[in-house]
Amino acid sequence: MLGQILGTAFVAVMGTAVPVLAQKAAGPPNDTCLACHGDADAKSGTGKSVAVDAKKFAQSVHGGLGLDCVACHTDLAETTEFPHAEKLARVTCATCHDQASAAFDTSIHAQARRQTPGSVAPTCVDCHTTHEIRSAKDPESRTYPLNLPDTCGRCHGDPSIIQQGGIRAGNVANLYRDSIHGKAISRSGLLVAANCTSCHGGHEIRPKADAQSRVHRANVPSTCGACHAGIKTQYDAGVHGQALAKGDGRAPVCADCHTAHQIQRSDIGSWQLDVIRECGTCHADKIKTYRDTFHGQVTSLGFVRVATCSSCHGAHAVHPRTDPRSTVSDARLLETCRQCHVSATSGFIRYDPHADKNDRARNPVLFYSSRFMTWLLAGTFGFFGLHALLWLPRGVIARRQKRSSESSPDAGPDQTSG
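In every chain, residue numbers begin from 1 and rise along the written sequence. Residue-level local features of this predicted model are given only where pLDDT is at least 70; pairs of side-chain atoms are given and counted only at 80 or more, and the full residue set underlies all totals for whole chains, interfaces and linings. Working from all heavy atoms in the structure, the side-chain values ignore hydrogens and water.

(A) Representation of the overall build of the protein chain in the model. Put simply, DSSP H or I for four residues or longer makes a helix, DSSP E for two residues or longer makes a strand, and each gets a number counted from the N terminus. Counting its secondary structure elements, the protein chain contains 21 helices and two strands. C-alpha atoms define the radius of gyration, and 2.2 Å times the number of residues to the power 0.38 defines the globule rule. Radius of gyration (C-alpha) of the protein chain: 37 Å, far over the 22 Å computed for a compact globule of 418 residues. Projected onto its principal axes, the C-alpha positions of the protein chain cover 140 × 80 × 35 Å. Buried means the residue's accessible area, taken with a 1.4 Å probe over protein chains only, is under 20% of the maximum for its type, while exposed means over 50%, and partly exposed covers the values in between. Looking at the protein chain as a whole, 27% of its 418 residues are labelled buried. Contacts in the protein chain between residues at least 24 apart in sequence constitute 45% of all its contacts with a sequence separation of at least 6. For the area figures, the Shrake-Rupley method with a 1.4 Å probe applies, and any residue is considered shielded solely by the protein chains shown. Entry remark: accessible area of the protein chain is about 27400 Å², with carbon and sulfur atoms responsible for 57%. Asp and Glu count as negative and Lys and Arg as positive, but His and the ends of the chain are not part of the count. Taken as the charge centre is NZ of Lys, CZ of Arg, CG of Asp or CD of Glu, depending on the residue. Of the side chains in the protein chain, 44 bear a positive and 37 a negative charge, and the two mean positions are spaced by 10 Å. The contact criterion used throughout is that any non-hydrogen atoms of two residues lie within 4.5 Å.

(B) Geometry of a positive patch on the surface. Like-charged residues within 9 Å of one another, or nonpolar side chains (Val, Leu, Ile, Met, Phe, Trp, Tyr) within 5 Å, are grouped into patches, provided each residue has over 30% relative accessible area and no salt bridge. Salt bridges are defined as contacts in which a side-chain nitrogen from Lys or Arg sits within 4 Å of a carboxyl oxygen from Asp or Glu. A cluster of basic residues, Lys 288, Lys 357, Arg 360 and Arg 371, forms a positive patch on the protein surface. In this fold, Arg 360 is placed in the loop between helix H20 (333-337) and helix H21 (364-407).

(C) Geometry of the side chain of Ser 44. With respect to the helices, strands and loops of the structure, Ser 44 is situated in the loop between helix H1 (30-37) and helix H2 (54-59). Those residues within four positions of Ser 44 in sequence are excluded, and the remaining contacts are Val 50 and Glu 86.

(D) How the structure looks around the packing of aromatic side chains. Two rings from Phe, Tyr or Trp (for Trp, the six-membered ring) form a pair when their centres are within 6.5 Å of each other. A pair whose planes differ by under 30 degrees is stacked, one over 60 is edge-to-face, and the rest are tilted. If you walk through the whole model with that rule in mind, you get two aromatic pairs. Plain terms: the ring middles of Phe 367 and Tyr 368 are 5.2 Å apart, the flat faces sit at 85° to each other, and that makes the pair edge-to-face. When the ring of Phe 383 is compared with that of Phe 384, the centres are 5.1 Å apart and the planes differ by 85°; the resulting orientation is edge-to-face. For the pair shown, Phe 383 and Phe 384 are each scored as exposed.

(E) Representation of the pattern of salt bridges in the model. Throughout the structure, instances matching the rule amount to 14 salt bridges. Between Asp 138 and Arg 134 there is a salt bridge; the shortest N-O distance is 2.9 Å.

(F) Quick look at the state of the cysteines. Note that a disulfide, as used here, is simply two cysteine sulfur atoms within 2.5 Å. If you walk through the whole model with that rule in mind, you get zero disulfides. There is no disulfide at Cys 124, and the cysteine sulfur nearest it, in Cys 93, is 3.9 Å away. Classification of Cys 124 by relative accessible area gives partly exposed; the value is 36%. Cysteine Cys 227 remains unbridged, with the sulfur of Cys 199 as its closest cysteine sulfur at 7.5 Å.

(G) Seen up close, the environment of Ala 260. In this fold, Ala 260 is placed in the loop between helix H15 (254-258) and helix H16 (269-282). We classify Ala 260 as exposed; its relative accessible area is 53%.

(H) Seen up close, the nonpolar core. With five residues, the main nonpolar core is built from Val 220, Tyr 235, Leu 244, Ala 251 and Val 253. If sequence neighbours within four positions are ignored, Val 253 has contacts with Arg 217, Val 220, Pro 221, Tyr 235 and Leu 244. Side-chain atoms within 4.5 Å link the members of a nonpolar core, which is a set of buried Ala, Val, Leu, Ile, Met, Phe, Trp, Tyr and Cys residues.

(I) Looking closely at a nonpolar patch on the surface. Nonpolar side chains collect at one region of the surface, where Phe 372, Met 373, Leu 376, Leu 377 and Phe 381 lie side by side and expose about 550 Å² of accessible area between them. Inspection of the secondary structure assignment puts Phe 372 in helix H21.

(J) Up close: the packing of H16 against helix H17 (residues 284-291). Angles shown run from 0 to 180 degrees and are taken between the N-to-C directions of axes, each axis being a line fitted to C-alpha atoms and, for helices, limited to the stretch in contact. Where H16 meets H17, the closest approach of the two axes is 5 Å, and the angle between their N-to-C directions is 135°. What the angle tells us is that H16 and H17 run oblique. The segment H16 lies against H17, with Ile 276, Gly 280 and Cys 282 engaging Ala 284, Ile 287, Tyr 290 and Arg 291. Looking at the contact of H16 with H17 residue by residue, the classes come out as five nonpolar, one polar and one charged. By the definition adopted for this analysis, an angle is roughly parallel if under 35 degrees, roughly antiparallel if over 145, roughly perpendicular if from 65 to 115, and oblique otherwise. Three classes are used, and their members are as follows: Ala, Val, Leu, Ile, Met, Phe, Trp, Tyr, Cys and Pro are nonpolar, Asp, Glu, Lys and Arg are charged, and the others, Gly among them, are polar.

(K) Up close: the confidence of the model for the protein chain. When pLDDT is averaged along the protein chain, the result is 89; 91% of the residues meet or exceed 70. Segment residues 1-23: pLDDT under 50, and 60 contacts once partners within four positions in sequence are set aside and those in other chains are kept. One confidence number per residue, pLDDT, is output by the predictor and ranges from 0 to 100.

(L) How the structure looks around helix H7 (residues 148-156). Every buried residue belonging to H7 is among Leu 148, Pro 149, Thr 151, Gly 153 and Cys 155, and all of these are buried. On its buried face, H7 is in contact with helix H6 (124-128), helix H8 (159-165), helix H9 (172-177), helix H10 (180-186) and helix H11 (196-200).

(M) Looking closely at unusual backbone geometry. With an omega of 0°, the peptide bond running from Phe 82 to Pro 83 counts as cis. By secondary structure assignment, the location of Pro 83 is in the loop between helix H3 (61-64) and helix H4 (98-105). Despite not being glycine, Thr 129 has its phi angle at roughly 70°, a positive value. Structurally, Thr 129 is set in the loop between H6 and H7.

Take a look at the structure:
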């Protein structure tokens, strides 16, 4: 139907080598089609624009391969009468791009289109356009790394589409633009900065609840580790990474501390204060005792020039205290304290940074001191409270007697007649 295949070419689409048939169809040549569609004002019977920019098509991936219009619009391959029928068969990208199409078919976008008639979920043309498709390596392409945030943001940054599509994550495009990754792309033009496809994939974007999704909780460290390889090595060796590897879904992953789209610089004071609170979501007992200390009280006031959780325990390579690698192990604790307290001695580490006044076994002196102070305060306030209560009736009687004596006729000054 499409005529004789003259050769096979390869073109990079979304960074993957995909076979595309460079073919000469038996139908009308492009010039015949452009005789009508080359007019910028060309419209269908319903008023929809059907114009094709010949120059842009020639610069596109398909135009560069010499493909004819009928290579995609296959139902016109045998057409000899023009103008052709108003309604044409839907173009099937899978004819050439079978692997990308198969991957897209597993995505959340394809699922949304299957489940919801009239879904606003994107198809191939929404990301790649129609007649102006360019290689992902072309700076003019919508799928070029620096342009991807805007391409995805056409849906994930549009409040009406977010509402219509029921996108639970909300306006993630704006969150991403304010993140360290987004700023690296928009302000610094760094091609190596993580963009949407770096984390979610290109065609095979899956919901985070899907175990095969790149952003599924168990897969997040590997996804982030694709760029942050050194950090992933530390995380995997730490107590959190070990717990996750054993299938503990409660173990924190990268997104728990750094968030998903609004990732900030870790040396910013506001983030360092927020991550203390994040540690406390799991270690509630530890954050409570930390807040009772000088360190905790200073951070509560908004200052970060004192020890935070990571200052003592580390950030990614967190180990149990019994592990010799731990920064709070007996062998390394003094070294850890000396990061701030340079003159600390061996006696300095006897200080308990998580002293609990309610834990008699761990802190017996503090426990009994706390109880003594509690009873002392209760006794003091109780004694003087009782004293005030007992004094109240006598005070009332004394006031009445005073008012009575002041109002009596005999209580006034002596008066004599002259």
